[in-house]
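# What the coordinates show
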Amino acid sequence: MQYRTKARRAVSQSNRKYQCGTRKRQVEGLITNGSNTKVGEWPWHGALFHRKNRRSREYKCGATLIHQNFVITASHCVVDRDSGYEVNAGYVTVDFGYVQLFSPSSHGQSHTVQEIFVHPQFAKDSNKHDVAILSLKTAVIFSDYVLPICLALTRFETSIHDIVGKQGVVVGWGLTEDDETSTDLKMANLPVVDYAECLETDRDLFGSLIYPGMFCAGSRNGTNVCNGDSGGGMFFSNGRRWILRGITSFSGTREDGSNKCDVNNYAGFVNVQYYASWIHQTVQEVDDAFNGLATATPKPDLTRVSTERDTPCGYDDLLNGLTTVTPQPYPSRESTRRVSACKPNPCGRNADCREDVNSRAVCSCALGYDGDPLVACTRNECLDDVECSKNYECQQGRCVDVCSGPCGINAICTVRNGIPVCSCPKNMNGDPFVRCLAIRY
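Here the residue index of a chain counts from 1 through its sequence in written order. Two thresholds apply to this predicted model, a pLDDT of at least 70 for residue-level local features and 80 or more for giving and counting side-chain atom pairs, whereas whole-chain, interface and lining totals are computed over all residues. The side-chain quantities take in all heavy atoms of the structure and omit both hydrogens and water.

Worth spelling out the cut-off: UniProt positions are given in the numbering used here, feature names are shortened, and annotations may be inferred rather than shown by experiment.
Going by what an unreviewed UniProt entry lists, the protein is known as Trypsin-like serine protease and is assigned to Aedes albopictus. The record in UniProt for the protein states the following under Subcellular location (unreviewed entry): "Secreted".

This is the structure we're talking about:
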């Protein structure tokens, strides 16, 4: 079991000089729908990966940096839709500072997730409450290319009236117009519509999903979020800073049965403001560091009239909560602390414990280990083919001789890309899958 230290909780001195939601890299020109982005243009957007094995990862979703130790994304990005269980946090990584998904970057950072906190009302067969907070094992280092976005957390105002009719910015590596995952980070401007218009366009899709915790947006002209954009944010500028107001959640599917997004319909987004209380309490309970959460309040044209001071403030002010909107007093930690089913750890040796959406403890062997997670897990013989001898392949944690059996008598077996290749040796011929015979002269 690992315990967080105060050293991890503390915001680094180098990070204190940065302000949330303020881009350091100036971008020239107008923003156009579906355009490529430039490094540093959206420094809070991250790429969320699931680790398949020690050397291989799979891109899953977008995510947004809200603090040096915390990321916010969609719940369905970190929950197995079949089982309803959260994925193992140790298998999830989030990368920042990249605009090309699979290319190295001198500004890039990769961070493994420490814990996953799915909203307690999220269910695997619904798109409601599709929001999750991820705590990171290592603190993100702020730079001109990696920064947190601002949040406008207040429990007084949770409606979407301040953004209806306005255009928000969405970014992601989702499917392009060619139905291929984009290798370049794309961005688009999408207008927010009211609930009535959203419902009128597709009652079957939105009829059971419209509630104050979501909103609809889109142009219905072929420019929209798509598969792979989930979990990324929708951002609004108040003239001074960028504010996170939405999280890409779901869209309708095409009539061709492909399960791909319908870009000619509206998409559903999580209304971040609606979950202000849950975000506040979750981060405070996890790290006792909500005062380090980057928060800022939009100008009146984006939100309610504020009683806060309207003067520029640095990261120290953000740490002290001076830019939050006069929140109501929150319950004390003693009265709201959630008892974790994983503390103390009920699992066996070398096993990881995580909580499912119903706060039940789920034990699983750590990556590269096998056995009974309730008793003990032992390290597998291999995680990848490179750990096995020549002509051996790593299969389910064991080195297996793939040349055992497929070739005939006297034949030579070599392994190429994990596939056994049979051939007759020099001075012999025949069917290498049956028998090789000496050549008679």
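### Here's the deal with the environment of N88
Quick reminder of the rule: Helix and strand definitions follow DSSP, with helices as H or I runs of at least four residues and strands as E runs of at least two, each counted in order from the N terminus. In protein, a polar contact requires one atom able to donate a hydrogen and another able to accept it; more generally it is a pair of N or O atoms within 3.5 Å, and residues adjacent in sequence count only if both atoms are side-chain atoms.
You can see N88 is positioned in the loop between β4 (70-73) and β5 (92-96). Once the C-alpha coordinates of N88 and E355 are considered, the two residues, 267 residues apart in sequence, prove to be 9.6 Å apart. At 2.9 Å, the side chain of N88 forms a polar contact with the backbone nitrogen of G90. Here D352 takes part through its side chain, which lies 3.2 Å from a polar atom of the side chain of N88.

### Quick word on the pattern of salt bridges
Heads up, the condition is: Salt-bridge detection follows one rule: a side-chain nitrogen of Lys or Arg within 4 Å of a carboxyl oxygen of Asp or Glu. We call a residue buried when its accessible area falls under 20% of the maximum for its residue type, exposed when it is over 50%, and partly exposed in between, using a 1.4 Å probe and counting protein chains only.
A full pass over the atoms with the stated rule returns three salt bridges. One salt bridge in this structure joins K60 and E58, with 4.0 Å as the shortest N-O distance. Notably, a salt bridge pairs D162 with R245, separated by 2.5 Å at the nearest N-O pair. Highlighted residues: D162 in the loop between β7 (132-136) and β8 (167-172) and R245 in strand β12 (residues 242-251), separated in sequence by 83 residues. Owing to a relative accessible area of 5%, D162 belongs among the buried residues under this scheme.

### A closer look at unusual backbone geometry
Backbone geometry follows two general trends: most residues other than glycine have a negative phi, and most peptide bonds adopt the trans configuration. Unusually for a residue other than glycine, N350 sits at a positive phi of about 60 degrees. When you line up the elements, N350 lands in the loop between α7 (333-336) and β14 (351-355). Under the relative-accessibility criterion, N350 is labelled partly exposed at 33%. Phi is positive for N410, which is not a glycine, with a value near 70 degrees. Among the structural elements, N410 can be located in the loop between β19 (398-401) and β20 (412-416). Judged by relative accessible area, which is 45%, N410 ranks as partly exposed.

### Description of the confidence of the model for the protein
The following threshold applies: The predictor attaches a confidence to each residue, called pLDDT, with possible values from 0 through 100. Between two residues, a contact is recorded if the distance between any of their heavy atoms is within 4.5 Å.
In the predicted model, the protein carries a mean pLDDT of 76, and the fraction of residues at 70 or more is 76%. For the protein, per-element mean pLDDT is lowest for helix α6 (residues 315-319), which scores 35, and highest for β4, which scores 95. For residues 26-33, every residue scores under 50 in pLDDT, and the model assigns this stretch eleven contacts once sequence neighbours within four places are set aside. Counting contacts from residues 294-337, a segment whose pLDDT is below 50, to residues more than four positions away or on other chains yields 104 contacts.

### Brief notes about the side chain of H111
With respect to the helices and strands, H111 occurs in strand β6 (residues 109-118). In terms of polar contacts, H111 uses its side chain to reach the side chain of T138, at 2.7 Å. Discounting chain neighbours no more than four positions away, the residues touching H111 are V92, T93, V94, D95, F96, L136, T138, A139 and V140.

### With respect to the packing of aromatic side chains
Our working rule: In summary, the pairing rule links any two rings of Phe, Tyr or Trp, Trp by its six-membered ring, whose centres are within 6.5 Å, and it sorts them by plane angle into stacked for under 30 degrees, edge-to-face for over 60 and tilted for everything else. We count a charge as sitting over a ring when the NZ of a lysine or the CZ of an arginine lies within 6 Å of the ring centre and within 35 degrees of the ring normal.
Here the structure, examined in full by the defined rule, presents eleven aromatic pairs. Seen in terms of ring centroids, W44 and F235 are 6.0 Å apart; in terms of plane orientation they differ by 85 degrees. Their pairing is edge-to-face. Linking W44 in the loop between β1 (35-36) and β2 (45-53) with F235 in strand β11 (residues 233-237), this pair joins segments that are 191 residues apart in sequence. The pair W44 / F235 is uniform in exposure class, with both members buried. Ring geometry for Y274 versus Y275: centroids 5.0 Å apart, planes at 85 degrees, classification edge-to-face. Looking at Y275, the relative accessible area reads 3%, which means it is buried. An aromatic cluster is present here, built from W42, W44, F235 and W242 joined pairwise through their rings. Seen from the ring of F49, R57 lies directly overhead, with NZ or CZ sitting 3.9 Å from the centre.

### Notes on the nonpolar core
To keep it simple, the criterion reads: The definition of a nonpolar core used throughout is a set of buried Ala, Val, Leu, Ile, Met, Phe, Trp, Tyr and Cys residues joined through side-chain atoms within 4.5 Å.
In this structure, I116 and I279 are the most contacted members of the largest nonpolar core, which totals 68 residues. With five residues, strand β3 (residues 56-67) is the largest single contributor of residues to this core. Sequence-distant contacts of I116, that is, excluding residues within four places in its chain, are made with V78, E86, V87, A89, V92, I133 and L134. Formed by 13 residues, the second largest nonpolar core is a distinct cluster that contains A188, L190, V225 and M234.

### Describing the pairing of β12
To be explicit about the condition: We treat two strands as partners when DSSP finds at least two bridges between them.
Counting buried positions along β12 gives nine out of ten residues, so the element sits mostly inside the fold. The turn linking β11 back onto β12 is made up of four residues, and G239 within it adopts a positive phi angle of 100 degrees. Pairing between β12 and strand β13 (residues 267-271): five bridges, direction antiparallel. Bridge pairing in β13 links S251 to A267.

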